[in-house]
Amino acid sequence: MRGRFEGTLNGIKAVWRRELSAYFATPVAYVFIAIFLLVLGVFTWELSNFFETGAADLGPFFYWHPWLFMLFMPALAMRLWADETNAGTSELLLSLPISLPGVVIGKLLAAWSVAALALALTFPWWISVNILGPADNTAIALSYFMSLIMAGAYLGVGAAMSALTRSSVLAFVTGVVVAFLLTAAGWPLVTGAVSSLLGSGAGDAIAQFSFLTHFETAQRGVLELRGLLFFAGFLTLCLILNTLFVEHRRSGVQ
Amino acid sequence: MLDLDALSKSFDGYRAVTDLSFELDKGEVLGFLGQNGAGKSTTMKMVAGVLEPDIGDARVLGQSIVSNRREAQRLIGYLPEGAPLYRDMTPLTFLRFLADAHGMDRIARKTAVDRVIADARIASVTGQPISTLSKGFRRRVGLAGAILHDPPVLLLDEPTDGLDPIQKRAVRALIARMAHNKAIIISTHTLEEVPAMCSRVIVIDHGRMVADKSPDDLAASASGGLEEAFITLVSEARGGGA
Ligand SMILES: Nc1ncnc2c1ncn2[C@@H]1O[C@H](COP(=O)(O)OP(=O)(O)OP(=O)(O)O)[C@@H](O)[C@H]1O
Ligand SMILES: [Mg+2]
């Protein structure tokens, strides 16, 4: 039992290291992080009038996280499996004595690490609200934490989509579509429309499946176990699907 | 050492491999021959645990690739057809990754990596991105990866494809050196290298075994030597006309 667990851990570590080095072997990770920071900055600054509101509050900054993750996380995850299938290296990977769930987790953790780095590099925003006035740093830390967890769930979607195709472009597009549905389900525009069509119960029900809804509760500064469980559960589901998609290939479907 | 038991695989009703059984002992080097599409790679993928057989099993030192996959995979070194590699890595980081995946500790990893770099003669390119290597060097990096954990069973799918005559000879010498304590399966289309490299030949056609002989016996079975024997076998199996 112990040997089995260690074997899985070995696989996770080996795959995580390889994938992380793949992100940084080309300019991919650097470009990703730079564009993410730039877009997040522009949105927060221009669209949310960050400084004009004058409040020492990162609300306008966190507001954009789900919407940006919806595009950026599938972009980060798209190559994880599709490239492997396309280059034929999946054959090598599947011949190694490591557990498949370990490989799936290792790959996700690598993408998650890059996302975490991108998120960490937004620290100037945190500093600047503290300069503006006394800020609720506990609430901000909590929002950062939930943002990171949410990023993992978005990456889970992207990685699972990547396991379904040999084209990373297709993986990106399908990943964004699914991520959009999961995000927009909690958008007032959508919940409003659904409520007026099918009654308010339906609107609320749909919103319960939205990343937006669960992320917003965190921004109010309360750690809601429900939100945390939602993202963790969702990520687990994605990892399981991802594993099944890859496992399915062993049966000979390309 | 390696025991194939009624291995079968179909793709959408097309029977790529049918009821393939044989045993391979330590010290044997098996030349695995057949036309394009005969089912060689499919067989090797099943033995390597990359593809699940529909029916049948393959056992390495008693470990089943179906019911005990990871244990069996530990005992196998596999070079997939075309030697796919992570192009963004260097041979050194690639080999280290494989060593980590095999659960080697740092010391074992260093020893193993140094050994296969020497064996596969890739010392001059270990720091170069794999994407910039020539085909021959890539093949050798793949080979180095397959023998990294010194497995008792080696599955090499067209290992000498794309190598120049000097490198072919080097690979043959390497295989000969390793042969005494391993069971090795080599698929190839270069019939000339079979007598030099293999102690046994299996020919398959349409996924079925049509011959299992020593290279000498196979060559003696037709007047034109190995090539004639191969062509005769394969066309006979199709009821004349290949
Ligand atoms: N994933 C797959 N889906 C459908 N058919 C497949 C798949 N893999 C292999 N086949 C078919 O199975 C047959 C055997 O293929 P295989 O790759 O094993 O041949 P091979 O003997 O290795 O040939 P070659 O000498 O060209 O490498 C071929 O007809 C091939 O088209
Ligand atoms: Mg083949």
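Note that the coordinates shown come from a computational prediction; the quantities given were computed from them, not determined experimentally.

A. The coordination of the magnesium ion (ligand 2), seen in detail. Residues and elements named next belong to chain B. Taken together, the protein donors to the magnesium ion (ligand 2) comprise Ser41 (OG), Glu81 (OE) and Glu81 (OE), at separations of 1.9 to 2.7 Å. Placement of Ser41 in helix H1 (residues 40–48) and of Glu81 in the loop between strand S6 (76–79) and helix H3 (91–101) is noted, with a sequence separation of 40 residues between them. Residue Glu81 is classed as partly exposed on the basis of its relative accessible area of 42%.

B. Main features of the pairing of strand S3 (residues 29–33) of chain B. All names here are of chain B. Within S3, five of the five residues are buried, which leaves the element mostly enclosed by the surrounding structure. Of the two faces of S3, the one carrying Val29, Gly31 and Leu33 and the one carrying Leu30 and Phe32 are both buried. As defined by bridge partners, S3 adjoins strand S8 (residues 183–187) across four bridges and the pair is classed as parallel. Opposite Phe32, over in S8, you have Ser187 as the bridge partner. Two strands pair when backbone bridges link them, and S3 and strand S9 (residues 200–205) are joined in this way by four bridges, in the parallel orientation. Following the sheet pairing, Phe32 is matched in S9 by Ile202.

C. Highlighting the sheet that holds S3 of chain B. Residues and elements named next belong to chain B. Strand order in the open sheet formed by six strands is S6-S7-S8-S3-S9-S10, with mixed pairing between adjacent strands. Two strands bound the open sheet, and with one partner strand each, they are S6 and strand S10 (208–213). The sheet shows a mean angle of 15° between the axes of neighbouring strands, direction not considered. The sheet strands contacting H1 are S3, S6, strand S7 (153–157), S8 and S9, and the helix crosses S7 at an angle near 150°. On the sheet, helix H6 (residues 165–179) packs against S3, S7 and S8 and is oriented at approximately 155° with respect to S8.

D. Representation of the domain arrangement of chain B in the model. All names here are of chain B. For chain B, the domain assignment lists domain 1 (2–75 + 152–237) and domain 2 (86–150). Between domain 1 and domain 2, the C-alpha centre-to-centre distance is 24 Å. Facing the 17 residues of domain 1 at the interface are eleven residues of domain 2. Roughly 1200 Å² is buried in total at the junction of domain 1 and domain 2, and carbon and sulfur atoms are behind 58% of that figure.

E. Layout of the site of ligand 1. Near ligand 1 you find 16 residues, and of these Lys40, Ser41, Thr42, Glu81 and His189 of chain B are the closest. Each of chains A and B places residues next to ligand 1. At 2.9 Å, a backbone N or O of Gly39 of chain B approaches an oxygen atom of ligand 1. A distance of 2.7 Å separates an oxygen atom of ligand 1 from a polar atom in the side chain of His189 of chain B.

F. Main features of unusual backbone geometry. All names here are of chain B. Although it is not a glycine, Arg121 sits at a positive phi angle of roughly 55°. Structurally, Arg121 can be placed in the loop between helix H4 (106–119) and helix H5 (135–147). Classification of Arg121 by relative accessible area gives partly exposed; the value is 48%. Positive phi values are uncommon outside glycine, yet Glu158 reaches one of about 50°. By secondary structure assignment, the location of Glu158 is in the loop between S7 and H6.

G. Looking closely at the pattern of salt bridges. Throughout the structure, instances matching the rule amount to 23 salt bridges over all chains. For Asp100 of chain B, the salt bridge is made with Arg17 of chain A, and the minimal N-O distance between the two is 2.8 Å. Highlighted residues: Asp100 of chain B in helix H3 and Arg17 of chain A in helix H1 (residues 2–25), drawn from two different chains. You can call Asp100 of chain B buried: its relative accessible area is 15%. With a relative accessible area of 40%, Arg17 of chain A lands in the partly exposed category. Residues joined in a network through salt bridges with shared partners are Arg18, Glu19, Arg79, Glu84 and Lys107 of chain A together with Asp88 of chain B.

Criteria and thresholds
- Residues numbered from 1 in each chain as written.
- Chains lettered and ligands numbered in written order.
- Predicted model: local features only at pLDDT ≥ 70, side-chain atom pairs only at ≥ 80, totals over all residues.
- Heavy atoms only, no water.
- Donors = N, O, S within 2.8 Å, 3.2 Å for Na, K, Ca; no water.
- Helix = DSSP H or I, 4+ residues; strand = E, 2+ residues; numbered from the N terminus.
- Buried < 20%, exposed > 50% of the residue type's maximum accessible area, 1.4 Å probe, protein only.
- Pairing = 2+ DSSP bridges.
- Axes fitted to C-alpha atoms, helices over the stretch in contact; angles between N-to-C directions.
- Contact = heavy atoms within 4.5 Å.
- Domains from an automatic or database assignment.
- Buried area = accessible area lost by both parts, 1.4 Å probe.
- Near = heavy atom within 4 Å.
- Polar contact = N/O pair within 3.5 Å; in protein donor to acceptor, adjacent residues only side chain to side chain.
- Salt bridge = Lys/Arg side-chain N within 4 Å of Asp/Glu carboxyl O.

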